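# Structural features, examined
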Amino acid sequence: MPTDTPSTFKSRTDRRAAVHLPVFSETLSSPGGPGVDGPDSPDQGAGDARPDSTGRKRRHPPWIKARFPNKPTFFEVRNRVRELALHTVCESASCPNIGECWTRRALTIMILGDICTRSCRFCDVATGRPQPPDPDEPRRVAEMLAGLDLEHTVITCVDRDDLADGGAAHWAETIRRVKTACPNMTLEVLTGDFKGQTEHVDTVLEAKPDVFAHNLETVPRLSRQVRVQASYPRSYRILEHAKRRGAITKTGLMLGLGETRDEIIEVIKDTHALGVDIMTLGQYLQPSSNHLPIARYVPPEEFAWLRNYALELGFPHVESGPLVRSSYHADGQADLVRAILTRRSRETASRDRAAKDAT
Ligand code: SF4
C-alpha cells in the first residue's frame, strides 16, 4: 500500500521486540559519511542495527519510543472508527505514533478496504484479494471527519491493482464528500502510483484535494527490493504529473534500509528540482521477521541534519525524525497549505490580469 511506514506498537510489541535484526546491506558509508554539499554532517555509522559481538539481538535505541495511549480522546476516536466500520493506516500499519496522534484526534483513514493487492516488503498491511469497494465508505469517511473538527487530515488507501481505475473514482467520491462535509479543513490524499496511469491521478486531482502525496519510500537503488511491484521512476513520474497539474505535492522516504547518505541527498535534490513542496523522512522499523530487516538506526542528529539540508535547499516544509511518518504532524501543515494555496491563487490572478492587459 502507498502509505506510512509500518512500525511496532503495543499489541505486537512483544513479538517484535524479539525480532532479529540482521545485516541487510553492507552499503552503509563509513563513519564520517561521504562528501555531500552543505554543512558538516554527522557520522553515518551511528545506530548500527546489527546484532552485537555476542550475537545478541539489539533492542530499539532509546530515541525510538512510543507513547502509550491512555487519554479518553484516544479511545473516543477508536470507538468512532469501529462504529463507522472504517480502516486506518495508524492501526493497519501498527504505527508507533498512534497514542500521540489519536490523542490529538489526528488519524489517517485508509480507504478501499484493508487488503492490499501489493506486497511491499516494508509494509504491515495484509496482502490478498480485496472485496469490491464499499460504495457507502465515502459517506462514512466524511461523517467521521466532520465529527472531529480538524484543521487538516490525511486519507490514504490500499493499492487496488485489481480495479480498472486503481480506485480513482472511489477516491474522487471520497474527496468530494469530505470537502462538502468539512469545508474549512485542508485535505491531503496519499495515493498509490495507479500503475503509472496518470489519467487516474487526474481523476483524483479533479476532485480538488488540497495536497497530493505519493511516497517514493526509498532511494532508486533499493526501490524494487523494497516495493516489489512499484518502481522509483514510475513514482517520480506520478509526482511530476501532479506537480505539472498544479497540485501541492508531498513525498516521503524511509531511512535505515541500507541507503547511503549520498543517495538520500540525491533524492532530496531530485524532488526539490521537481518542485515537491513537502518532504518527510523517518526511520524504517521492521514490522515482523517476515519483513525487511533494519540496516541501521539513523540517529536524531542525522535526521536534523537532513532536515536542515532540505530546508536550505528550498523545501517549504520538511518533517524529519526517527518517528516521522508521512502523516505525522500533518495536522500542523494546515497553515502552510493555506499559505501556498493563497499565494498560488494570487499568482494566477496576477497572470490573468497581465494576459487581459496585453490583449
Ligand atoms: S503518524 Fe500517521 S499513521 Fe501514524 S498514528 Fe499518526 S496519523 Fe496515524
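What counts as what
Along each chain, residues carry numbers from 1 onward, in the same order as the chain's sequence is written. Local features in a predicted model are, by the rule used here, given only for residues with pLDDT of at least 70; side-chain atom pairs are given and counted only at 80 or more, and totals for whole chains, interfaces and linings are based on all residues. Helical segments are the DSSP runs of H or I of at least four residues, strand segments are the runs of E of at least two, and each set is numbered from the N terminus. We call a residue exposed when 12 or fewer other C-beta atoms sit within 10 Å of its C-beta, buried when the count reaches 20 or more, and partly exposed for counts in between; the C-beta positions come from the backbone. Remark: residues whose backbone-derived C-beta atoms lie within 7 Å of one another are considered to be in contact. In this analysis a residue is considered near a molecule or strand if the C-beta atom, reconstructed from its backbone, is found within 6 Å of that molecule or strand. Throughout, the ten residues Ala, Val, Leu, Ile, Met, Phe, Trp, Tyr, Cys and Pro are labelled nonpolar, Asp, Glu, Lys and Arg are labelled charged, and all others, Gly among them, are labelled polar. Known as pLDDT, the predictor's per-residue confidence is scaled from 0 to 100. One requirement defines pairing of two strands: DSSP has to find at least two bridges between them. Each axis is a line fitted through C-alpha atoms, taken for helices only over the stretch in contact, and angles between the N-to-C directions span 0 to 180 degrees. Put simply, angles under 35 degrees are roughly parallel, angles over 145 are roughly antiparallel, angles from 65 to 115 are roughly perpendicular, and the rest are oblique. Left-handed is the label given to a crossing in which the near helix is rotated counterclockwise from the far helix by less than a right angle, and right-handed is the label when the rotation is clockwise. Remark: nonpolar core denotes a set of buried Ala, Val, Leu, Ile, Met, Phe, Trp, Tyr and Cys residues whose joining runs through C-beta atoms within 7 Å. Helix span, expected: 1.5 Å multiplied by one less than the number of residues in the helix. Orienting the strands away from the viewer, one traces the path from the first strand over the helix to the second; a clockwise path indicates a right-handed crossover.

As a further point, take the overall build of the protein chain. Within the protein chain, the secondary structure is distributed over twelve helices and eight strands. Split into buried and exposed, the 359 residues of the protein chain put 48% on the buried side. Look at the contacts in the protein chain between residues 6 or more apart in sequence, and 77% of them connect residues 24 or more apart.

Let us now look at the site of the ligand. The local shell around the ligand holds 13 residues, among which Cys90, Cys95, Cys101, Ser327 and Tyr328 are the closest. When residues of the shell around the ligand are traced back to their parent elements, those giving at least two are α3 (89–92) and α4 (98–103). Of the residues that constitute the shell around the ligand, the class distribution is eight nonpolar, three polar and two charged.

Summarising the model, the protein chain shows a mean pLDDT of 84, and 84% of its residues fall at 70 or more. In the model, residues 5–45 has pLDDT below 50 throughout and makes 92 contacts with residues more than four positions away in sequence or in other chains.

Below, the discussion takes up the environment of Ala247. For Ala247, the location among the structural elements is in the loop between α9 (232–244) and β6 (248–255). It is 9.3 Å that separates the C-alpha atoms of Ala247 and Val276, two residues lying 29 residues apart in sequence. Among residues more than four places away in sequence, those in contact with Ala247 are Leu205, Phe212 and Ala242.

Hydrogen bonds along the backbone pair up the strands of a sheet, which may run parallel or antiparallel. Taken in spatial order, the eight strands line up as β1-β2-β3-β4-β5-β6-β7-β8 in an open sheet, and their pairing is mixed. The sheet is open, and its two edges are formed by β1 (87–88) and β8 (317–320), each paired on a single side. Alignment of strand β4 (residues 186–190) against strand β5 (residues 211–213), held across three bridges, turns out to be parallel. Looking at β5, one finds that Val189 is bridged to Phe212.

What follows deals with unusual backbone geometry. The phi torsion of most residues other than glycine is negative, and most of the peptide bonds are trans. Here Lys195, not a glycine, exhibits a phi torsion of approximately 50 degrees, which is positive. Counting through the fold element by element, Lys195 comes out in the loop between β4 and α7 (198–206). Notably, Val228 is not glycine yet its phi reads approximately 55 degrees, a positive angle. Tracing the backbone through its elements, the reader meets Val228 in the loop between α8 (220–227) and α9.

Take the packing of α7 against α9 next. Close contact between α7 and α9 brings their axes to 10 Å; oriented N to C, the two are set at 45 degrees. Our classification of the angle between α7 and α9 gives oblique. Crossing handedness for the pair α7 and α9: right-handed. For the pair formed by α7 and α9, the contact residues are Thr198, Val201 and Leu205 on the first element and Ile238, His241 and Ala242 on the second. A per-class count over the contact of α7 with α9 returns four nonpolar, two polar and no charged.

This next bit is on the nonpolar core. Of all hydrophobic cores here, the largest spans 85 residues; its most connected members are Ile109, Val141, Val189, Phe212 and Ile264. With residues near it in sequence (within four places) discarded, Ile264 still touches Val219, Leu253, Leu255, Glu259 and Leu306.

Once that is clear, we can look at the packing of helix α5 (residues 137–148) against helix α6 (residues 168–181). Packed helix pairs are characterised by how far apart their axes lie and by the angle those axes make with each other. For the pair α5 and α6, the least separation of the axes is 8 Å and the interaxial angle reads 30 degrees. Classified by the angle between their axes, α5 and α6 sit roughly parallel to one another. Crossing hand, α5 versus α6: right-handed. Contacts between α5 and α6 involve Pro138, Arg139, Val141, Ala142, Leu145 and Ala146 on the former and, on the latter, Glu173, Thr174, Arg177, Val178, Thr180 and Ala181. Of the residues in the contact of α5 with α6, the class split is seven nonpolar, two polar and three charged.

To continue, consider α9. Taking 1.5 Å of rise per residue, the 13 residues of α9 would be expected to cover 18 Å, and the 18 Å separating its terminal C-alpha atoms lies within 8% of that figure. Positive backbone phi, at 90 degrees, marks Gly246, one or two positions downstream of α9.

This part is about the pairing of β6. Across the eight residues of β6, eight count as buried, placing the element largely inside the fold. Residue alternation in β6 divides its side chains into two sets, Ile248, Lys250, Gly252 and Met254 and Thr249, Thr251, Leu253 and Leu255, and both sets are buried. With three bridges joining them, β5 and β6 adopt parallel strand pairing. What sits directly across from Phe212, in β6, is Thr249. Sheet topology note: the β6/strand β7 (residues 278–283) ladder contains six bridges and is parallel. Paired with Lys250 across the two strands is Ile278, which belongs to β7. As for the winding sense of the linkage, the β-α-β connection from β6 through helix α10 (residues 261–274) to β7 is right-handed.

Right, let's get into the pairing of β8. As paired strands, β7 and β8 are joined by four bridges and run parallel to one another. Looking at the pairing, Ile278 lines up with His317 of β8. At this point the chain moves from β7, through helix α11 (residues 300–313), to the parallel β8, and the crossover so formed is right-handed.

Spanning 14 residues, α6 covers 20 Å between terminal C-alpha atoms, matching the ideal 20 Å at 1.5 Å per step. Taken as a whole, α6 has its buried residues at Ala168, His170, Trp171, Ala172, Thr174, Ile175, Arg177 and Val178.

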